[in-house]
Amino acid sequence: MAQSIITIKKRSTFVFVKDNGKFLRAKSFDIQILQDNTLNNVIAVGYTATKKLGSAVTRNKAKRRMREMVRKVITKYGKINFYYVLIAKSSILTTPFKELELELENIIT
């Protein structure tokens, strides 16, 4: 069942999820999860790749991998009216993509 996904763009929303949500760690990324019934039956997803990760090219690659993970995993297993914020770690660039998908699936189910 494919869910409609919106991307978080405002800093205030990222801060809201950070302050009120649940923080979970995985090997290649961290994730913040928050349920909010005012989302009108959508899933809101945000992506963060800090400068600690490396150059702009490296950060963009990490975000591309996270977006593809979300497209494949959260559309299937994500819960409606939830915020998900993915924060990249350096190992996200070297981990095989199938492992990343399994990590995300295990952490959100």
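Just above, that's the structure.
Residues numbered from 1 in each chain as written. Predicted model: local features only at pLDDT ≥ 70, side-chain atom pairs only at ≥ 80, totals over all residues. Heavy atoms only, no water.

### A closer look at the packing of aromatic side chains
The description of two aromatic rings rests on the distance between their centres and on the angle between their planes.
Consideration 1: Considering all chains together, one arrives at 2 aromatic pairs under this definition.
Consideration 2: Between F16 and Y83, the aromatic rings sit 6.3 Å apart at their centres with planes inclined by 75 degrees, giving edge-to-face as the arrangement. Residue F16 is located in helix α1 (residues 11-20), and its partner Y83 is located in strand β5 (residues 82-88); the two are separated by 67 residues in the primary sequence.
Consideration 3: Relative accessible area serves as the criterion here: at 36%, F16 is assigned to the partly exposed category.
Consideration 4: Taking relative accessible area as the criterion, Y83 reaches 11% and is therefore assigned buried.
Consideration 5: A ring pair is formed by F82 and Y84, whose centres lie 6.1 Å apart and whose planes are at 25 degrees; its orientation type is stacked. The pair F82 / Y84 is uniform in exposure class, with both members buried. (Phe/Tyr/Trp six-rings, centres within 6.5 Å; stacked < 30°, edge-to-face > 60°. Helix = DSSP H or I, 4+ residues; strand = E, 2+ residues; numbered from the N terminus. Buried < 20%, exposed > 50% of the residue type's maximum accessible area, 1.4 Å probe, protein only.)

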